[in-house]
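Each chain, written out:
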Amino acid sequence: MAETARKPRLGVWKFASCDGCQLSLLDCEDELLAVAGAVDIAYFPEATRGDVKGRYDLALVEGSITTPHDAERIRDVRRWARTLVTIGACATAGGIQALRNFADVAEYAAVVYARPDYIDTLATSTPIAEHVPVDFELRGCPISKHQLVEVIAAFLAGRRPVTPAHSVCVE
Ligand code: SF4
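Conventions we followed
Counting of residues starts from 1 at the beginning of each chain's written sequence and follows it residue by residue. Only residues with pLDDT of at least 70 are given local features in this predicted model, and only at 80 or more are side-chain atom pairs given and counted; all residues enter the totals for whole chains, interfaces and linings. As used here, a nonpolar core is made of buried Ala, Val, Leu, Ile, Met, Phe, Trp, Tyr and Cys residues. They are joined through C-beta atoms within 7 Å. Buried, partly exposed and exposed are defined by the number of other C-beta atoms within 10 Å of a residue's own C-beta, namely 20 or more, between the two limits, and 12 or fewer respectively, with C-beta atoms placed from the backbone. The helix and strand labels rest on DSSP assignments: H or I over at least four residues marks a helix, E over at least two residues marks a strand, and numbering proceeds from the N terminus. By the criterion used throughout, residues are in contact when their C-beta atoms, derived from the backbone, lie within 7 Å. Should the C-beta atom of a residue, placed from the backbone, lie within 6 Å of a molecule or strand, that residue is near it. Helix span, as expected, comes to 1.5 Å for every residue beyond the first. Arc definition: directions from the helix axis to the C-beta atoms. Strands were regarded as paired on the criterion that DSSP finds at least two bridges between them. Viewed with both strands pointing away, a crossover whose connecting path from the first strand over the helix to the second turns clockwise is right-handed.

Taking an unreviewed UniProt entry as the reference, the protein is identified by name as Oxidoreductase belonging to Thalassobaculum fulvum.

Novice: Before we move on, can you summarise the nonpolar core with the specific residues and values?
Specialist: By size, the foremost hydrophobic cluster in this structure holds 34 residues, and its most contacted members are Leu58, Ala59, Val61, Val85 and Ile87. Only strand 1 (9-14), helix 1 (20-26), strand 2 (40-43), strand 3 (56-62), helix 3 (68-80), strand 4 (81-87), helix 4 (89-93) and helix 6 (145-157) provide two or more residues apiece to this core. Per element, the largest residue contribution to this core is 5 residues, and it comes from strand 3. Residues contacting Val61, with those up to four places away along its chain left out, are Trp13, Phe15, Val77, Leu84, Thr86, Ile87, Ala91 and Ile128.

Novice: Give me the lowdown on the site of the ligand, citing residues and values where you can.
Specialist: In the region of the ligand, the neighbouring residues are Ser17, Cys18, Gly20, Cys21, Glu62, Gly88, Ala89, Cys90, Gly95, Cys141 and Pro142. Mapped by element, the contributors of at least two residues to the shell around the ligand are helix 1 and helix 4.

Novice: Account for helix 3, naming residues and giving values.
Specialist: Taking 1.5 Å as the rise per residue, helix 3 with 13 residues should run 18 Å; its terminal C-alpha atoms sit 19 Å apart, in good agreement. Those residues of helix 3 not exposed but buried are Asp70, Ile74 and Val77. Buried residues along helix 3 cover an arc of 55 degrees about the axis, so they all sit on one side. Opposite its buried face, helix 3 presents the exposed residues Pro68, His69, Glu72, Arg75 and Arg79, each directed more than 90 degrees away. Where helix 3 is buried, its residues contact strand 1, strand 3 and strand 4.

Novice: Please set out the pairing of strand 3 residue by residue, giving values where relevant.
Specialist: In terms of burial, strand 3 is largely enclosed, as 6 of its 7 residues are buried. Taken together, the 5 bridges between strand 1 and strand 3 define a ladder with parallel strand orientation. When the bridges of strand 3 are listed, Val12 appears paired with Leu60. Pairing analysis gives 6 bridges linking strand 3 to strand 4, with the strands arranged parallel. In the strand pairing of strand 4, Val61 is matched with Thr86. Taken together, strand 3, helix 3 and strand 4 constitute a β-α-β crossover, and its handedness is right-handed.

Dropping the structure here:
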């Protein structure tokens, strides 16, 4: 019996973010169906159930790093993924939550939470590239779904994506 070629494994991870960039992927409709036919979407909690463990050919990462737990999680993703692409202003620049970097996060927590001692957070919100090596950054808030499809197609084909140097709005 002929061996069928293994489909590349795609994983999508969320860190501190509003989910808007992941929704751009879900909003791809026809393109997503084509992507789903070409890859094994092995981990995408927003859309499917899946086991996080294993090797990934392409990891898409949304969101910034704001907690010690997330700082550990992104190192796991980097270990598992051959290619890691960050998507959106949160992942590439820290996002709106990086405003905390100019203030005292303990003061914020005391104002916002009844029990700030329950909050385990970092003093800063930082881009993924400050924690692990990143292969490509797709900027925008939210990202352009057409650029996202181009990035996925390019990495699956083993070429550099053709995307504009500028971002869509925030960065
Ligand atoms: Fe949401 Fe913008 Fe962050 Fe994307 S970059 S997750 S749209 S806040």
